[in-house]
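A look at the structure
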Amino acid sequence: DNCKFEFDMALRRKGVEKIIVMVLEPSCRNQNSWKHTVGGKLGGLLYIDMSSNEDSLEFEEGVQRLVKTIRDMAGAPQKLPAAAGVSHPQPSHPQCSHPQQQLPKEVAEQLATVEAPPTEPTILLKQLSVDQVCNLLHSLEMGNYAAGCREQKVSGRKLELMDNEDLAECGVGLKIDRKTLLSYVQEYVADGVPLSKIAETKDAAPASDEKENAVAATTAEGGSNEALTKNAADKMYTKVSAADDLNDATDTAETKDAAPASDEKENAVAATTAEGGSNEGPAQDLEPSEGDPLSATANHNLPGAGINKFALAEFLASGGVEFTGSDREYGFVRGQQLSKEQPYFEVTIVVDREDGIGIGLCGNKVMSGAMPGWPAYPSIGYHSDDGGLFQGRNYGMPFGPPCHAGDRMGCGVLFSAGGVAETVVFTKNRELIGWVPLPASGMLFPVVASAAPAVANLDLKAELPSFPPACWVKTGTAEAIAFSNLALAVASAKDGDIVTANGGVHAFNKGLAVTRSITICGVEGKELAAEPELRGGEDFVIDSKGIKVRLKGLSIKSFGGDKSAGWEELGGAGGVCARQGSITIESCKISSQNGTGVVSTLLCQLHASHTNVGPCGRHGIVFFAQGKGGIFAPGEGSVETSRNDRGVQLLDGVTVRDCEEVGVAVNQSKGSLTITGCSVEACKDGLVVHPAKVTLQSSSFVGCRRNAIKAFRAAGHMAGLACEVQCKECTIKDCPMGLRAEGGGGVAKIGWDNSNTIQECITSFACEEGGVIDQHTEPSGEESEYSEYSESSGG
């Protein structure tokens, strides 16, 4: 909320030493009752008691102390008599309200004499260099984002123009950090940047990160807490005089040493159950060693990774847990290993925050200061703030709905009849979200983490809700066999089997390899609460390597890849990849956030009908040459060894829309492609052929941002292959360029007769370097007044 945000902002800008604490209600006099960040930051400071009636002597003394304190902080000369020492009397007056009123005249005059502190020299934000912007981030305790801003060459002028999305692209992963930084930018645009904020800083980690990791020492004998030192109390929350409350829930906690050897080890929290505080043993912290695969990904200098900041997890008598600490500090609780007898647990959110609560599973090692699913340690997690599923990455794959205060988040493991852990399930309010293959056999420990401050009730003995099977495999007339996740079903299916997926989310960390001639489909003839959604975060969601594969009635969504690659690259990931044999896609929805929707290599025949493709971060559908370097290395290998005549490829009634690059791309094919009754909308280029033979029938290209249809042959590329597009009864509308033919090293031809129409295009035709547009007769369609011919030399 705004109060919390402004309080955190004041702490960052001024520090605790510049905060004046006043108590306005008698019930707030006891500092032991101050909770969360207020108690942690201000609980050790003397306060000014102004809880008495306004006409009392105590209230007048409070006003004088307030004026004196302001003058002391501002460095103004004293004009008030010395006040008596500040005390904290026990409540003696009835609680009363304090309506707003004007200060007494003499007090107002005294306040008016307070001199403003000297102003610090400033510099315009837009004048800052990249290095100075990085120094500014360090001074704002956001130095972990400096590397990303340096890589993006963010100067002061560029920082002035950045918005929330721009900051995210620079690696400022946490929303609260982006919000805070934008508020600083607004302030500095108006008032300038203090020179002290851009002074050169060393590369060492910000001191605040280290100081805020102090945790009260715990002894193995009684589990009692020692009070933090005054400096540590200024940096981290603790209940100094409430050790007995903490002991009730942690009296069985074990520690091997009275004082852990490092900041990381000081933050280990013993595994605890909600029933009685019993634990399986202390959670182990990871110490990545040289050569350890975790050492390269252990949340150092990664956006949104927490950068090893730790919160206190306090177990409450109610069975809940309270995560307390400064902003963006992360606490965790690990429970006992799930089993077939107890396969499920739940967390009810009582108090949440913008960064959210994460639940999931981990192995026998845990890294403090990180959310489940981050790369700090092997784990899987579902996060409440964005509903993302995290598996070893700092960014999540869209998975389920967000969760807020009052919601119950659940996580469980589905075991086989023989007791083998197979599948992870997540729920919201006991309703199934989806199924995920268990990442590792030993990943069975419940883990709950949160950015402080937050409160959640734990139920580590919750009953597993009743779920339908994820899918079934049917062989001939035999009875269908149920499976707990789609990956198991596909791996078990034989040639000719039908794999039927239930409604809901089927998530995969990587691709789903299909190596048999099978059909994968949704439940036919049955109304489902949700259609089957196959989602992948890396590689292709469906990777067909079989002889004959059929996909029907599925929603396939890819969230991996890299859309910053060149246009000729596929983006590294996508929805469906057909590598060998043949694949039929019927009545499906396919999208790829960063990559390509459908890829078919020259070793495969593709038939897609009544299917929607898009949005895609790269291309919609690509027919690609497969060289010796694989499908992502076009142009390698020879025609004889790596490019086969696949025969006819068919797109029938397919809609491709909202692709960052090409809607349909055909590259270096000896076969032929027929496109019938298709629509390509809102892509950069509609159809690009290089070189291949394509027949277009009754298809439309609308709203393309560059070319509707382009045929081209680059110099030296595949001289033996035809580059020809024949169009019948097609429509092009509202595109900058209708048809473009570029010959390059040979002839590139587009056939366009009077059955086709071009409407509202700035330029109808362009021929360059041997390109040919065979018009046959004048187009009969209506053209805008801006339509014209554009012919270059040699076309």
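Residues numbered from 1 in each chain as written. Predicted model: local features only at pLDDT ≥ 70, side-chain atom pairs only at ≥ 80, totals over all residues. Heavy atoms only, no water.

The next thing to look at is the overall build of the chain. Counting secondary structure elements, the chain contains 14 helices and 51 strands. Per-residue burial over the chain gives 50% buried out of 795 residues. Within the chain, contacts between residues separated by at least 24 positions form 64% of all contacts whose residues are at least 6 apart in sequence. Carbon and sulfur atoms make up 50% of the accessible area of the chain, which totals about 35,300 Å². (Helix = DSSP H or I, 4+ residues; strand = E, 2+ residues; numbered from the N terminus. Buried < 20%, exposed > 50% of the residue type's maximum accessible area, 1.4 Å probe, protein only. Contact = heavy atoms within 4.5 Å. Areas by Shrake-Rupley, 256 points an atom, 1.4 Å probe, with all protein chains shown as cover.)

Let us now look at the sheet that holds strand β9 (residues 357-362). Note on sheets: strands pair through backbone hydrogen bonds, and any given pair is parallel or antiparallel. Here six strands make up an open sheet; going across it, the order is β7-β16-β9-β10-β11-β12 and the pairing antiparallel. Among the strands making up the open sheet, the edge pair consists of β7 (330-334) and β12 (397-398). Here strand β11 (residues 388-390) runs beside β12; their pairing, made up of two bridges, is antiparallel. If you follow Leu 389 over to β12, its bridge partner there is Met 397. (Pairing = 2+ DSSP bridges.)

Mapped onto the elements, Gly 751 comes out in strand β47 (residues 748-752). Separated by 55 residues in the primary sequence, Gly 751 and Leu 696 have C-alpha atoms spaced 9.9 Å apart. Those residues in contact with Gly 751 that sit more than four places away from it in its chain are Val 725, Gln 726, Cys 727 and Asp 774.

With that settled, consider helix α3 (residues 57-74). For α3, built from 18 residues, the straight-helix expectation of 26 Å at 1.5 Å per residue is met to within 8% by its first-to-last C-alpha distance of 26 Å. Those residues of α3 not exposed but buried are Phe 59, Gly 62, Val 63, Arg 65, Val 67 and Arg 71. Just downstream of α3, Gly 75 is the residue with a positive phi angle, here 75°. (Expected span 1.5 Å × (residues − 1).)

So, on to a nonpolar patch on the surface. On the surface, a nonpolar cluster with roughly 290 Å² of combined accessible area is contributed by Ile 20, Met 22, Leu 24 and Ile 70. As for its placement among the helices and strands, Ile 20 is situated in the loop between α1 (2-14) and β1 (22-23). (Patch = residues over 30% accessible without salt bridge, like charges linked within 9 Å, V, L, I, M, F, W, Y side chains within 5 Å. Salt bridge = Lys/Arg side-chain N within 4 Å of Asp/Glu carboxyl O.)

A cis amide bond links Gly 614 to the next residue, Pro 615, at an omega of 0°. Mapped onto the elements, Pro 615 comes out in strand β33 (residues 612-616). A positive phi is found at Ala 682, a non-glycine position, where the angle reads about 55°. Mapped onto the elements of the fold, Ala 682 is located in the loop between β39 (679-681) and β40 (685-690).

Burial analysis of β47 places four of its five residues in the buried class, the great majority of the element. Bridging between strand β44 (residues 724-728) and β47 involves four bridges; their strand directions are parallel. Directly across from Val 725, in β47, lies its bridge partner Ile 750. Pairing of β47 with strand β50 (residues 771-774) involves four bridges; the strand directions are parallel.

What follows covers the nonpolar core. With 77 residues, the main nonpolar core has Leu 551, Leu 651, Leu 687 and Ile 709 as its most contacted residues. Those residues in contact with Ile 709, other than ones at most four positions away along the chain, are Leu 687, Leu 696, Phe 701, Val 725, Cys 727, Ile 732, Gly 738, Leu 739, Arg 740, Ile 750 and Trp 752. Judged by nonpolar contacts, the second largest core, of 43 residues, contains Leu 128, Tyr 184, Met 367 and Trp 374. (Core = buried A, V, L, I, M, F, W, Y, C linked by side-chain atoms within 4.5 Å.)

What follows is about the pattern of salt bridges. Scanning all chains against the criterion turns up 19 salt bridges. The salt bridge involving Glu 346 is made with Arg 408; its shortest N-O contact spans 2.7 Å. Note that Glu 346 is positioned in strand β8 (residues 344-351) and Arg 408 in strand β13 (residues 408-415), a separation of 62 residues in sequence. The partner of Asp 774 in a salt bridge is Lys 749, with the nearest N and O atoms 3.8 Å apart. Taken together, the residues span a long stretch of sequence, with Asp 774 in strand β50 and Lys 749 in strand β47 at a distance of 25 residues. Overall, Asp 774 belongs to the partly exposed group, its relative accessible area being 25%.

Aromatic rings considered in pairs are described by the distance between their centres and by the relative angle of their planes. Under the counting rule described, the total for this entry stands at five aromatic pairs. One aromatic cluster in this structure is built from Tyr 382, Phe 399 and Phe 426. The positively charged end of Lys 710 is found above the aromatic ring belonging to Phe 712, 4.8 Å away from the centroid. (Phe/Tyr/Trp six-rings, centres within 6.5 Å; stacked < 30°, edge-to-face > 60°. Lys NZ or Arg CZ within 6 Å of the ring centre and 35° of its normal.)

Moving on to the pairing of strand β25 (residues 540-544). For β25, a buried count of five out of five residues is recorded, marking the element as mostly surrounded by other parts of the structure. Here strand β22 (residues 512-514) pairs with β25 via three bridges, running parallel. Looking at the pairing, Leu 512 lines up with Ile 542 of β25.

Moving on, we get to the environment of Asn 30. Here Asn 30 shows up in the loop between β1 and α2 (36-42). Spatially, the C-alpha atom of Asn 30 lies 9.5 Å from that of Gly 43, the residues being 13 residues apart in sequence. A polar contact of 3.1 Å, which involves the side chain of Asn 30, links it to the backbone nitrogen of Asn 32. (Polar contact = N/O pair within 3.5 Å; in protein donor to acceptor, adjacent residues only side chain to side chain.)

Two elements in contact, α1 and helix α9 (residues 175-191), have axes separated by 12 Å at closest approach and are oriented at 65°. Considering the relative orientation of α1 and α9, their crossing is right-handed. Residue-level contacts link Phe 5, Met 9, Arg 12 and Arg 13 of α1 to Ile 176, Lys 179, Thr 180, Ser 183, Tyr 184 and Glu 187 of α9. Its residues assigned to classes, the contact of α1 with α9 shows four nonpolar, two polar and four charged. (Axes fitted to C-alpha atoms, helices over the stretch in contact; angles between N-to-C directions. Left-handed = near helix turned anticlockwise from the far one by under 90°. Nonpolar A, V, L, I, M, F, W, Y, C, P; charged D, E, K, R; others polar.)

Helix length check: α9, at 17 residues, gives a terminal C-alpha distance of 24 Å against a target of 24 Å (1.5 Å per residue), a fit within 8%. Among the residues of α9, those classed as buried are Ile 176, Asp 177, Arg 178, Thr 180, Leu 181, Ser 183, Tyr 184, Val 185 and Tyr 188. On the buried face of α9, the contacting elements are α1, α5 (130-139), α7 (156-161), α8 (164-169) and β4 (193-194). Remark: Gly 192 follows α9 within two positions and exhibits a positive phi of approximately 85°.

Taken as a whole, the chain shows an average pLDDT of 74; of its residues, 70% reach a score of 70 or greater. Segment residues 78-101: pLDDT under 50, and 44 contacts once partners within four positions in sequence are set aside and those in other chains are kept. Predicted confidence is poor over residues 202-308, with pLDDT under 50, and the contacts of this stretch with residues over four places away or in other chains come to 201 contacts. (pLDDT = per-residue confidence, 0-100.)

Another point: the side chain of Arg 740. Inspection of the secondary structure puts Arg 740 in strand β46 (residues 737-742). At 3.2 Å, the side chain of Arg 740 forms a polar contact with the side chain of Asn 707. Among all residues touching Arg 740, those that are not within four sequence positions of it are Asn 707, Ile 709, Lys 710, Ala 711, Ile 750, Ala 766 and Glu 768.

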